[in-house]
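# Descriptive structure summary
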Amino acid sequence: SPLPFSLQNRGEIKNGSILRLTTSPDQEAERLYSGIQSNNSDVKTDSLKKLANLSQDVTFAQEFINRNGLKQIFYIVEEGNEQLEKTLVARYYTGEMIAHTLKAFMELMEHDFVSWETLSAAFIKKIVSYVNMNTVDVSVQQLSLSILENMVPTSRLLFELVKKEVTLDPAHFLTPIEQQDLLGFGCWALGLEELGAAAGGNLLTHGLLQNIIHSSEPLGDEMAHYLYVLQSVSLNLCERRMRTSMDPYSQEQRELLQSLRQTAFESESEAPASNFSTERRRSLCAKEFRKLGFMNNSNPAEDLRRAPPGLLALDNMVYFSRHTPNAYSRFVLENSSREDKHECPFARSSIQLTLILCEILHVGEPCSETAQAFYPMFFGQDHFFEELFCICIQLVNKTWKEMRATQEDFDKVLQVVREQITRTLSLKPTSLELFKTRVNALNYSEILKLRQTERLHQEETLAVPVLELRERLKPELLELIQQQRLLHLCKGTLFRKISSRRRQDKLWYCRLSPNHKVLHYGDVEEGVHSPPIESLPEKIPVVDMKMLLMGKECPHMKEKSSGKQNKDVLELAFSIVYDVEEYCLNFIAPTRYEFCLWTDGLNVLLGKEMMSERTQTDLDVLLSMELKLRLLDLENISIPDTPPPVPKPPSNLNFCYDFSHTEQ
């Protein structure tokens, strides 16, 4: 329903808006405050329903809270429905009433007038009970999970209370919306690393792969984002070890280091150590650490002083030696028997490989607010990073032998290994076994073939005649891209109004009219993907559009802090300045792809150049395809850099046929 205007928000009224005279917020708040205390179930339910709608307005919310309205909502949730829940006749009213109550509570808390830390233990336990109940109404369970999602990050005490009370069983959450809210709560819980992130992860990982990732329902953008967050924060649990250098005085760390040597050379170490002098034992250990591939064999702890990868590299080596002892011994002993210059140094390779995996998996980097890229195989393993390392360190040894590398080729080998890993990960394998099969199939000769193909393609496209042809084709292809951008705007996009507290908020839709003269937009309900243009009440004529603002220039971004968490949102923000009053229509694109398409399309409407990186990418793809088609007949024919010389004109043109005399 339309929100009321008052002295506080009257500046939001646009010229030409239709206004309806209605009750003032303070009178409406007083009426609804009385209505939600009624003994009549119908009156109470209707009052709560209207309260849920009007609570979106900040003026009404403040008036209602000033009347101690939240206390009444707490009472309804904590005690007010106890008797109703016991009767089957009132079950429908109960579910509907609780849903409206929780919705109103969420909207009121969104305005930040009241702290989440003021919630009572009884209220929180009641909310948790709705999550744990299998028979509760779907909307009630969804709203309860959303409340917990917002509550958990605000306080350690709230986190501990929720963690103690809630029992999450993914098998109970069968619909995509419920799974999404379940996962959202889990990600917030997991995000509080200092409050027990590992425990939060265990609540969700079991059963997640089967119920969500392998579901027959396609994953939505929100679900993909939650999976990315869960993966990202879980991997970031490795950050502390990654940034911690080895302490040579730590007994525990020295024992881990010695265990690597003892596991690899157990048979050689069976001789009693007491039979050797201190100098002899030290010399033997240094020799064995050199065989293990440490650069500083007399003091191998020095090799692990660099952070990153720090102690994470040591953890990976120990995990590999303990969980795959045969592969570990084979790696070390096989290289010990080679010539010094041809042996693949295990320790040095492990340290560098750990650093490469941290960079590829973005360990230690803050979570993006919009990213959706996750690896399905991540959710099938309890020790994903360590298991991935075990596969990749064996890949290093395999690639080393294929390249017949020497110590001087160490960096080249690791570059090839990085390429093998990134190319395989881009295929999104669903399990580590499938990853292992594919990465081993992508051997050094395959990498060389791929590189050669890419290099030849690049050389072809850099020939002078080809470059000239590219320039001639550009205007036509740019016009094609412009048409595609405008078609995308005509199709429209669903945008979210992102609030300061939670990522999920109200939805609105914007699309361009088929004649490219008017932008139509308006709020839509959840689940509506492509509303008809007639259902969007707001309009902006294209002729009234003045300019396009992006990033920090947007009015809705100027109030944002400069923290890392807002960086991604900043990169997706753009605004249209329109009308003589210079009003602004503010956007936050759901993805970078949508941002590029919309900013390009709006620039086309404004008569300006398309400036996004996507324009260049699309242009390169179209030019490449067009050039390949044009040069198809010239395959294996070298194209000269200069055109062939044009012959001089003949001295006379008497050889031309004369049509003046009609042949008999």
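Residues numbered from 1 in each chain as written. Predicted model: local features only at pLDDT ≥ 70, side-chain atom pairs only at ≥ 80, totals over all residues. Heavy atoms only, no water.

Let's shift gears to the overall build of the protein chain. Secondary structure assignment for the protein chain yields 27 helices and seven strands. In the protein chain, which comprises 664 residues, the share counted as buried stands at 44%. Considering only contacts within the protein chain whose residues lie at least 6 apart along the sequence, 68% involve residues at least 24 apart. When the accessible surface of the protein chain is totalled, it reaches about 36,100 Å², and 52% of it is carbon and sulfur. (Helix = DSSP H or I, 4+ residues; strand = E, 2+ residues; numbered from the N terminus. Buried < 20%, exposed > 50% of the residue type's maximum accessible area, 1.4 Å probe, protein only. Contact = heavy atoms within 4.5 Å. Areas by Shrake-Rupley, 256 points an atom, 1.4 Å probe, with all protein chains shown as cover.)

With 81% of its residues at a pLDDT of at least 70, the protein chain reaches an overall mean of 81. Within the model, pLDDT remains below 50 along residues 83–93, and this stretch shows nine contacts once partners closer than five positions in the same chain are excluded. Long-range and interchain partners of residues 189–203, a stretch whose pLDDT sits below 50, account for 27 contacts in this model, where long-range means more than four residues apart. (pLDDT = per-residue confidence, 0-100.)

Leu292 and Ile421 are the most contacted members of the largest nonpolar core, which totals 76 residues. Sequence-distant contacts of Ile421, defined by excluding residues within four places in its chain, comprise Leu353, Leu357, Ile360, Cys392, Leu395, Phe435 and Val439. Membership of the second largest hydrophobic core comes to 45 residues, among which are Ala29, Tyr33, Ile36 and Leu119. (Core = buried A, V, L, I, M, F, W, Y, C linked by side-chain atoms within 4.5 Å.)

For the rest of this paragraph, the subject is the state of the cysteines. Taken as a whole and judged by the stated rule, the model has zero disulfides. Not part of a disulfide, Cys554 finds its nearest cysteine sulfur in Cys584, a span of 8.2 Å. (Disulfide = S-S within 2.5 Å.)

Before going further, it helps to examine a nonpolar patch on the surface. Taken together, the side chains of Leu634, Ile637 and Ile639 present a nonpolar region at the surface, about 230 Å² in accessible area. Summarising the element assignment, Ile639 is placed in the segment after helix H27 (613–630). Judged by its relative accessible area of 33%, Ile639 falls in the partly exposed class. (Patch = residues over 30% accessible without salt bridge, like charges linked within 9 Å, V, L, I, M, F, W, Y side chains within 5 Å. Salt bridge = Lys/Arg side-chain N within 4 Å of Asp/Glu carboxyl O.)

Before going further, it helps to examine the sheet that holds strand S3 (residues 518–524). Across the sheet, which stays open at both edges, the four strands sit in the order S1-S2-S3-S4 with antiparallel pairing between neighbours. A single partner strand is all that each edge strand has here, and the edge strands are strand S1 (493–496) and strand S4 (538–541). Going from strand to strand, the sheet's axes swing by 25° on average, the running direction of each strand aside. Two strands pair when backbone bridges link them, and S3 and S4 are joined in this way by four bridges, in the antiparallel orientation. Paired with His520 across the bridge in S4 is Lys539. (Pairing = 2+ DSSP bridges. Axes fitted to C-alpha atoms, helices over the stretch in contact; angles between N-to-C directions.)

Moving on to unusual backbone geometry. The linkage connecting Ala307 with the following residue, Pro308, adopts the cis geometry, with an omega of -5°. With respect to the element layout, Pro308 can be found in the loop between helix H16 (278–291) and helix H17 (311–323). One non-glycine residue, Arg404, adopts positive backbone phi at about 50°. Locating Arg404 in the fold gives a position in the loop between helix H20 (384–403) and helix H21 (410–425). Overall, the relative accessible area of 71% leaves Arg404 in the exposed class. Look at Lys428: it is not a glycine, yet its phi comes out positive at around 55°. Tracing the backbone through its elements, the reader meets Lys428 in the loop between H21 and helix H22 (432–441).

It is worth spelling out H22 at this point. Every buried residue of H22 is listed here: Leu432, Phe435 and Val439. All buried residues of H22 lie within an arc of 50° about the axis, which places them on one face of the element. Those residues of H22 that are exposed and angled more than 90 degrees off the buried face are Glu433 and Thr437. (Arc of directions from axis to C-beta.)

Bringing the pattern of salt bridges into the picture now. What the rule picks out here adds up to 23 salt bridges. We note a salt bridge from Glu63 to Arg67, for which the minimum N-O separation is 3.1 Å. A salt bridge links Asp620 to Arg470, with the nearest nitrogen and oxygen atoms 3.7 Å apart. Here Arg470 lies in helix H24 (residues 464–491) and Asp620 lies in helix H27, a separation of 150 residues in the sequence. You can call Arg470 buried: its relative accessible area is 17%. A cluster of three or more residues bridged by salt bridges with shared partners is formed by Arg485, Asp600, Arg614 and Asp618.

Here the focus is the packing of aromatic side chains. A full pass over the atoms with the stated rule returns 25 aromatic pairs. Measuring from centroid to centroid gives 5.2 Å for Tyr328 and Phe346, while their planes differ by 70°, and the two rings are edge-to-face. One end of the pair, Tyr328, is in helix H18 (residues 325–336); the other, Phe346, is in helix H19 (residues 346–360), with 18 residues separating them in the sequence. Residue class for Phe346 comes out buried when judged on its relative accessible area of 2%. Ring centres of Phe378 and Phe379 lie 5.0 Å apart, and the angle between their planes is 90°; this geometry places the pair in the edge-to-face category. Connected via pairs of aromatic rings, a cluster forms that spans Phe495, Trp508, Tyr521, Phe574, Phe587, Phe595 and Trp598. Just above the ring of Phe410 sits the side chain of Arg348; from NZ or CZ to the centre is 3.9 Å. (Phe/Tyr/Trp six-rings, centres within 6.5 Å; stacked < 30°, edge-to-face > 60°. Lys NZ or Arg CZ within 6 Å of the ring centre and 35° of its normal.)

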